Amino acid sequence: MRIVREGYFFIAGSLAVALLLGIAVNPYWAIPFVVLAGYFVYFFRNPERTIPTDDSVIVSPADGTVQDVIPMEGDDFVKKPCNKVIIFLSIFDVHVNRAPIAGEIKCQKYVCGRFRPAYKDSVGFENERHMIGIDNGKLRVTVTQIAGILARRIVSWVTLDDVLKKGELYGLIRFGSCTEIVMPQEVTVTVHKGQKVVGGETVIGRLSD
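Here goes a summary of the coordinates provided. (Residues numbered from 1 in each chain as written. Predicted model: local features only at pLDDT ≥ 70, side-chain atom pairs only at ≥ 80, totals over all residues. Heavy atoms only, no water.)

1. Structural notes on the side chain of His-95
The following threshold applies: Strands are runs of DSSP state E lasting at least two residues, helices are runs of H or I lasting at least four, and both sets are numbered from the N terminus onward. Relative accessible area decides the class of each residue, using a 1.4 Å probe on protein chains only: under 20% of the type maximum gives buried, over 50% gives exposed, and in between gives partly exposed. Distance and chemistry together define a polar contact, namely a pair of N or O atoms within 3.5 Å, with one atom able to donate a hydrogen and the other to accept it when in protein, and with adjacent residues in sequence counting only for side-chain atoms on both sides.
Its location among the elements puts His-95 in the loop between strand 5 (82-89) and strand 6 (96-98). A relative accessible area of 1% places His-95 in the buried class. From its side chain, His-95 meets the backbone oxygen of Asp-93 in a polar contact 2.8 Å long.

2. As for unusual backbone geometry
Positive phi, close to 75°, is recorded for Asp-161, a residue that is not glycine. Looking at where Asp-161 falls in the secondary structure, it is placed in the loop between strand 10 (153-156) and strand 11 (163-164).

3. As for the pairing of strand 5
We count it as follows: When DSSP locates at least two bridges between a pair of strands, those strands are taken to pair.
Strand 5 sits mainly inside the fold: 7 of its 8 residues count as buried. Bridge count for strand 4 (residues 64-72) against strand 5 is 7 bridges, and the pairing is antiparallel. The residue bridging Pro-71 from the neighbouring strand is Asn-83, located in strand 5. Bridge count for strand 5 against strand 13 (residues 177-184) is 8 bridges, and the pairing is antiparallel. If you follow Ile-86 over to strand 13, its bridge partner there is Glu-180.

Structure below.
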């Protein structure tokens, strides 16, 4: 099991506090922080994924549960009728985000905002969020990382003009959050509300011929 580099600070910090309390106070005081370090190992895990090679499929950008599928007139990047798939990530889901398609980042926007619970319907408009628009010549999609009540830090490892492979890691959100993907309507949505999805593996859309 791999761990993303952002997790090492939290793991090492918890173990350092556990060691300090165990030596200076009582070994029993160290137990909660050892457990916390174990949770951070779990939270920042980055499991291997088998990425579909079919160019016509769009994969989930995150692990979690499909909260809703919403038709839209378009957004700032996908300037045509489209569908938005909202994925809720609990504190027990893998929190790294993956590129749903291969392509180049043609748009990037970070918006400061509130930190409401990630399951609220309005979080995509009110909460802090980071959006990237990916274009591969045949298809444009946008993916938005949205902070939640516990997720106070959106991490991105990419910038404009970076080229991503399908399923490639590009960021994460700490701790409990929401990810949205907007796809044009020529993409048939293949997931439904309440469905569990796996980042980089679950096919959430298929491009029509």
